[in-house]
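# Understanding the architecture of this molecule
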Amino acid sequence: MAALLGVTERKDTVVDISTPDEPVLKTLRVMFTFKPFLYASGIYLCYGIATSTIQQGLALYIQYSLNLGDMVEIYLTVATASVVVGIPIVKLLLDRFGRKTICVGSALVLVPLLVGLIFIQGSLAVNIPFLIVYGVASSGLFMLPW
């Protein structure tokens, strides 16, 4: 929601590196008093907490609800590998559609997918496609700050 209603992107931003001798404490003070940085840091903190909670829940779900305790490593490896493979794909989509569209699209894919994983009972072959889509969709959220 914050990305959808936030400020518009600046495509012609130029970084000025003309003061390399600026003290570190002054730079930190400027950085931590800049409200957009504080908002972005808070949103990223909330996203990090949510992501770690989902990943921990996914491991417990695989181990105890699906009774596939010996395959937790395979599930988590597939999810991680699909994030890594999805980053170049998402980068191409970011260049074409922009950050807001990718952020909203990732959320619209992830929410029903995670809810759907709760109701899917079955073997490894049934759940692997869902984990691959989960990994590619969540890689879009990792690319947003850049």
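Overview of the structure. All figures in this text were calculated on a predicted structure; none of them were measured in a lab.

### Brief notes about the side chain of S138
With respect to the secondary-structure elements, S138 resides in helix α6 (residues 124–143). Sequence-distant contacts of S138, that is, excluding residues within four places in its chain, are made with Y47, V83 and L110.

### Looking at the side chain of S106
Within the secondary structure layout, S106 lies in helix α5 (residues 99–119). A relative accessible area of 8% means that S106 is categorised as buried. Discounting chain neighbours no more than four positions away, the residues touching S106 are A137, G140 and L141.

### Remarks on the nonpolar core
Soluble globular proteins: nonpolar side chains tend toward being buried together. Counting 10 residues, the largest nonpolar core consists of L58, A59, Y61, I62, L66, L68, V72, Y75, L117 and L131. Listed by contribution, the elements that provide at least two residues to this core are α3 (35–65) and α4 (72–97). The contacts of V72, once residues within four sequence positions are left out, are A59, I62 and Q63. C103, L110, L113 and L141 belong to the second largest nonpolar core, which has 7 residues in total.

### Some words on the environment of I87
Considering the arrangement of structural elements, one finds I87 in helix α4. Note: C-alpha distance between I87 and A137 (50 residues apart in sequence) is 9.3 Å.

### Thoughts on the packing of aromatic side chains
Tallying each qualifying case throughout the model produces 1 aromatic pair. Pairing F32 with F37 gives two aromatic rings, centres 5.6 Å apart and planes at 75 degrees, and the pair type is edge-to-face. On the accessibility criterion, F37 (28% relative accessible area) is partly exposed.

Parameters and conventions
- Residues numbered from 1 in each chain as written.
- Predicted model: local features only at pLDDT ≥ 70, side-chain atom pairs only at ≥ 80, totals over all residues.
- Heavy atoms only, no water.
- Helix = DSSP H or I, 4+ residues; strand = E, 2+ residues; numbered from the N terminus.
- Contact = heavy atoms within 4.5 Å.
- Buried < 20%, exposed > 50% of the residue type's maximum accessible area, 1.4 Å probe, protein only.
- Core = buried A, V, L, I, M, F, W, Y, C linked by side-chain atoms within 4.5 Å.
- Phe/Tyr/Trp six-rings, centres within 6.5 Å; stacked < 30°, edge-to-face > 60°.

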